[in-house]
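Residue-level listing of the chains:
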Amino acid sequence: MGVPVRAGIMADTIRQKLIDAVDTRLKTIIIANGYETNAGTTVYHWLENPIEQNKLPCIEYRDVNDFPEDLSFGLYLHTINLIIRAFAVGADVDKTARKLIADIVKCIGTDLTWGGLAEDTRQIGVADEINMEH
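Here is what the cut-offs are and how they apply
- Residues numbered from 1 in each chain as written.
- Predicted model: local features only at pLDDT ≥ 70, side-chain atom pairs only at ≥ 80, totals over all residues.
- Heavy atoms only, no water.
- Helix = DSSP H or I, 4+ residues; strand = E, 2+ residues; numbered from the N terminus.
- Buried < 20%, exposed > 50% of the residue type's maximum accessible area, 1.4 Å probe, protein only.
- Contact = heavy atoms within 4.5 Å.
- Pairing = 2+ DSSP bridges.
- Axes fitted to C-alpha atoms, helices over the stretch in contact; angles between N-to-C directions.
- Core = buried A, V, L, I, M, F, W, Y, C linked by side-chain atoms within 4.5 Å.
- Phe/Tyr/Trp six-rings, centres within 6.5 Å; stacked < 30°, edge-to-face > 60°.
- Lys NZ or Arg CZ within 6 Å of the ring centre and 35° of its normal.

**Describing the overall build of the chain**
- Within the chain, the secondary structure is distributed over two helices and three strands.
- Residues classed as buried in the chain amount to 22% of the 134 residues present.
- Long-range contacts, defined here as pairs at least 24 residues apart, represent 45% of the contacts in the chain between residues at least 6 apart.

The following block contains the structure:
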């Protein structure tokens, strides 16, 4: 039995709902919400252009791949890799970078299931890395 959908209107996939939840949550990173920075005022998904200095600090995120694992009988476990990068500028950019990392970790940790869209959220690969460009 199928679920009726009006012609021309498609329901969002779970992956899209998850990405929307990530975007919404990252935008909560502001000092008034108890964070160290206001990076949530400037959040980008798949930023392709250079960032203007007046837009810093900011956060960029990308959902780069999905690894579906066939558990059995058409049941799949999807692991979506998300890259989150933060950008800052200024004399104390190293201190700001550490604050940004802490803000992102705190933000993600508020609900590891993203409102029930995921079973869990885990940090994999490079834990966190600070790079400076001049």
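That shown, we press on.
**A few points about the sheet that holds strand 1 (residues 43-45)**
- Pairing in this open sheet of three strands is mixed, and the strands run 1-2-3 from one edge to the other. Since the sheet does not close on itself, it has two edges, and those belong to strand 1 and strand 3 (75-87), each with one partner. Sheet twist, expressed as the average angle between the axes of neighbouring strands with direction ignored, equals 30 degrees.
- Two elements, strand 1 and strand 2 (residues 58-72), share three bridges in a ladder whose sense is parallel. By the bridge assignment for strand 2, Tyr44 is matched with Glu60.
- Strands strand 1, strand 2 and strand 3 of the sheet are contacted by helix 1 (residues 14-26), whose axis makes an angle of about 150 degrees with strand 2.
- Those strands touched by helix 2 (residues 93-109) are strand 2 and strand 3, and its axis lies near 150 degrees from that of strand 3.

**Observations regarding the nonpolar core**
- Within the largest apolar cluster, 16 residues are counted, with the highest numbers of intra-cluster contacts made by Leu26, Ile29, Ile59, Tyr61 and Trp114.
- Looking at this core, the elements that each hand over two or more residues are helix 1, strand 2 and helix 2.
- If we ignore the near neighbours within four places in the chain, the residues touching Leu26 are Gly40, Val43, Ile59, Tyr61 and Cys107.

**What about the packing of aromatic side chains?**
- All chains considered together, the criterion is met by zero aromatic pairs.
- Of note, Arg25 hangs over the ring of Trp114, and the distance from its end group to the ring centre comes to 3.8 Å.
- Between Lys106 and the ring centre of Tyr35, over which it is positioned, the NZ or CZ distance is 4.9 Å.

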